[in-house]
Amino acid sequence: MKIALFGITRDIVGQPTLELPAPAPATVGALLDHLRANYPALGQLRSCAVAVNNEYAPADQALGPNDEIALIPPVAGG
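The shown structure was predicted, so the numbers you read here are calculated from the model rather than taken from an experiment.

What counts and what doesn't
- Residues numbered from 1 in each chain as written.
- Predicted model: local features only at pLDDT ≥ 70, side-chain atom pairs only at ≥ 80, totals over all residues.
- Heavy atoms only, no water.
- Helix = DSSP H or I, 4+ residues; strand = E, 2+ residues; numbered from the N terminus.
- Buried < 20%, exposed > 50% of the residue type's maximum accessible area, 1.4 Å probe, protein only.
- Arc of directions from axis to C-beta.
- Contact = heavy atoms within 4.5 Å.

Okay, unusual backbone geometry next. In this model, Asn53 sits at a positive phi of 55°, which is unusual for a non-glycine residue. Within the element layout of this structure, Asn53 appears in the loop between strand 3 (49–52) and strand 4 (55–56). Overall, the relative accessible area of 39% leaves Asn53 in the partly exposed class. Phi is positive for Asn54, close to 70°, though the residue is something other than glycine. Note on placement: Asn54 falls in the loop between strand 3 and strand 4.

If you want it as structure tokens, here you go:
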């Protein structure tokens, strides 16, 4: 499973993409739990959206081995 990282999520992980070996987490929520366990600073973000195949995904959405996944950090504006 390959995950694209943007903004602060890229800074926390230290690279623009992350690959998880099989078996990968089965849902978006499980993926976030896994990433927060391995990168505790991700858990301190105000929010972190997940996109699956270019669409925002809820925590209970199932993940497939060929899905395109991206972590989208909070965006500040003014």
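Quick look at the environment of Pro23 now. Inspection of the secondary structure puts Pro23 in the loop between strand 2 (17–19) and helix 2 (28–38). Considering only alpha carbons, one finds Pro23 and Ala51, 28 residues apart in sequence, at a separation of 20 Å.

Every buried residue of helix 2 is listed here: Val28, Gly29, Leu31, Leu32 and Leu35. Taken down its axis, helix 2 places every buried residue within 160° of arc, on the same side. With respect to the buried face of helix 2, the exposed residues turned more than 90 degrees away are Asp33 and Ala37. The inward-facing, buried residues of helix 2 contact strand 1 (2–5), strand 2, strand 3 and strand 5 (69–72).

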